[in-house]
Amino acid sequence: MPRAGVGLSALATTSAAILSATPDAIERAALLLRDGALVAFPTETVYGLGADATDDRAVAAIFAAKGRPRFNPLIVHAPGLAEAEALALFDDRARALADRFWPGPLTFVLPRRTDSGLSLLACAGLDTVAVRAPAHPVARTLLQAVGRPIAAPSANRSGRVSPTEAAHVAAELGDKLALILDGGHSSVGLESTVLDLAGETPALLRPGGVTVEEVEAVLGQVATAAPEAGAPRSPGQLASHYAPDLPLRLDAREARPGEALLAFGPEIPPGFAETLWLSRSGDLVEAAANLFALLRRLDRPKFTGVAVMPIPERGLGRAINDRLRRAAAPRPNSARSAG
Ligand code: TXA
Ligand code: MG
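The structure presented is a predicted model; accordingly, all values stated were derived computationally and were not measured.

Colleague: What am I meant to see in the overall build of the protein chain here?
Modeller: Each helix and strand counted, the protein chain has ten helices and 15 strands in total. Counting over 339 residues, the protein chain shows a buried share of 55%. A sequence separation of at least 24 residues applies to 69% of the contacts in the protein chain between residues at least 6 apart. Total accessible area on the protein chain stands at roughly 14,000 Å², and carbon and sulfur atoms take up 52% of it.

Colleague: How do you make sense of the nonpolar core when you look at a structure like this?
Modeller: Among soluble globular proteins, nonpolar side chains are generally buried collectively. Phe-90, Trp-102, Leu-106, Phe-108, Val-131 and Leu-177 are the most contacted members of the largest nonpolar core, which has 50 residues in total. Mapped by element, the contributors of at least two residues to this core are β3 (48-52), α3 (56-66), α5 (92-101), β5 (106-111), β6 (128-132), α7 (166-173) and α8 (212-219). A per-element tally of this core places α3 first, with seven residues. In this view, Trp-102 contacts Gly-80, Leu-81, Ala-84, Phe-90, Leu-97, Phe-108, Val-131, Arg-132 and Ala-133; residues no more than four positions away in its chain are not counted. Of all hydrophobic cores here, the second largest spans 29 residues; its members include Leu-278, Leu-294, Val-306 and Val-308.

Colleague: Help me understand the environment of Ile-180, please; the structure alone is not making it clear to me.
Modeller: Structurally, Ile-180 is set in strand β8 (residues 179-182). The class of Ile-180 is buried, set by a relative accessible area of 0%. Sequence-wise, Ile-180 and Ala-29 are 151 residues apart; in three dimensions their C-alpha atoms are separated by 8.4 Å.

Colleague: Honestly, the packing of aromatic side chains in this entry has me stumped. Any pointers?
Modeller: Two measures describe an aromatic ring pair: the distance that separates the ring centres and the angle between the ring planes. In this structure the tally under the stated criterion is three aromatic pairs. With a centroid separation of 5.9 Å and 75 degrees between ring planes, the pair formed by Phe-90 and Trp-102 is classed as edge-to-face. Residue Phe-90 is found in the loop between α4 (81-84) and α5, and its partner Trp-102 is found in the loop between α5 and β5; the two are separated by twelve residues along the sequence. Residue Phe-90 is classed as buried on the basis of its relative accessible area, which comes to 8%. Consider the rings of Phe-90 and Phe-108, whose centres lie 6.1 Å apart with planes at 85 degrees: the pair is edge-to-face. Pair noted here: Phe-90 is in the loop between α4 and α5 and Phe-108 is in strand β5, with a separation of 18 residues, a long-range link. Summarising the burial analysis for this pair, Phe-90 and Phe-108 share the class buried. Within the aromatic cluster, the residues linked to one another by ring pairs are Phe-90, Trp-102 and Phe-108. Positioned over the ring face of Trp-277 is Arg-280, at 3.7 Å from the centre of the ring.

What counts and how
- Residues numbered from 1 in each chain as written.
- Chains lettered and ligands numbered in written order.
- Predicted model: local features only at pLDDT ≥ 70, side-chain atom pairs only at ≥ 80, totals over all residues.
- Heavy atoms only, no water.
- Helix = DSSP H or I, 4+ residues; strand = E, 2+ residues; numbered from the N terminus.
- Buried < 20%, exposed > 50% of the residue type's maximum accessible area, 1.4 Å probe, protein only.
- Contact = heavy atoms within 4.5 Å.
- Areas by Shrake-Rupley, 256 points an atom, 1.4 Å probe, with all protein chains shown as cover.
- Core = buried A, V, L, I, M, F, W, Y, C linked by side-chain atoms within 4.5 Å.
- Phe/Tyr/Trp six-rings, centres within 6.5 Å; stacked < 30°, edge-to-face > 60°.
- Lys NZ or Arg CZ within 6 Å of the ring centre and 35° of its normal.

This is the structure we're talking about:
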């Protein structure tokens, strides 16, 4: 196998190339990944920041590039159930769900196989691992070409909004990556649903692209934790996350001076400095796909804040509201205060 010949250090100061995801570009990305480099690639949820999940150095580079705390484990991506079963212990529940929703926006937390070969750093030293088989054709082709599990968190700096376009990745992490594969706008637009199946009772750790209603149709009732309740079971589920720079105000029904509006539905309150629609028709699937890109577009100093109209708490609305609540949560280490 030829080496890609591009080391991480050589790329540290230059900006990563964004390549349209042609078969050649995907092949190049696979070689880079096998060589231990970082490659951003499209999935149907959000763009991932990928590295060989069996390579400690490559995985360490993910944490460094994102500024992510090392106690927060990564999702490991596989082409399908057969490959995922080499990493984690699947039970009947996990197989039934994989059968129904894979490839797709659903991640399982399962007991890690002792012979998985995974970097312990990818799993933050836990005896569980989060696994997912993404549906995006570029991600699928890439995973098959690499032939190794790929650890990939969302390709944003830690605590920021996840990227749904290649340009978002380039803006935040461009100087830290070997390559960014451009596969267009992520169709789901929200991260995968994370479901903990390591214990007896299935627990929803993060609402996402597969709705709780859909999971419950297969499993029966699933435990869901209120966003602010107690210690997070998933290390990444800290209240403040996915945050833009501007303050975010939820359930907005009237304008405040200088605010921009993220609108949902045909009727909007007057007086906002600028209005962008999550979905004019009130469609939650469309709103999810638009959420992160529109948040980025409105996150500009010329506005005093971003107001968001109420989003119904059902279907994908739960995941949208989860991300909005996190984005609106007080950020202890940021320049802006709770308001
Ligand atoms: O849609 C997605 O899931 C995207 C794409 C790229 O696949 N990835 C993504 O990864 O959102 P990340 O690292 O940003 O979020 C992974 C979440 C975090 O909240 C993390 O704490 C949780 O999954 N997680 C990972 N491994 C876990 C484990 N063993 N136990 C509990 N939670 C885990
Ligand atoms: Mg993330």
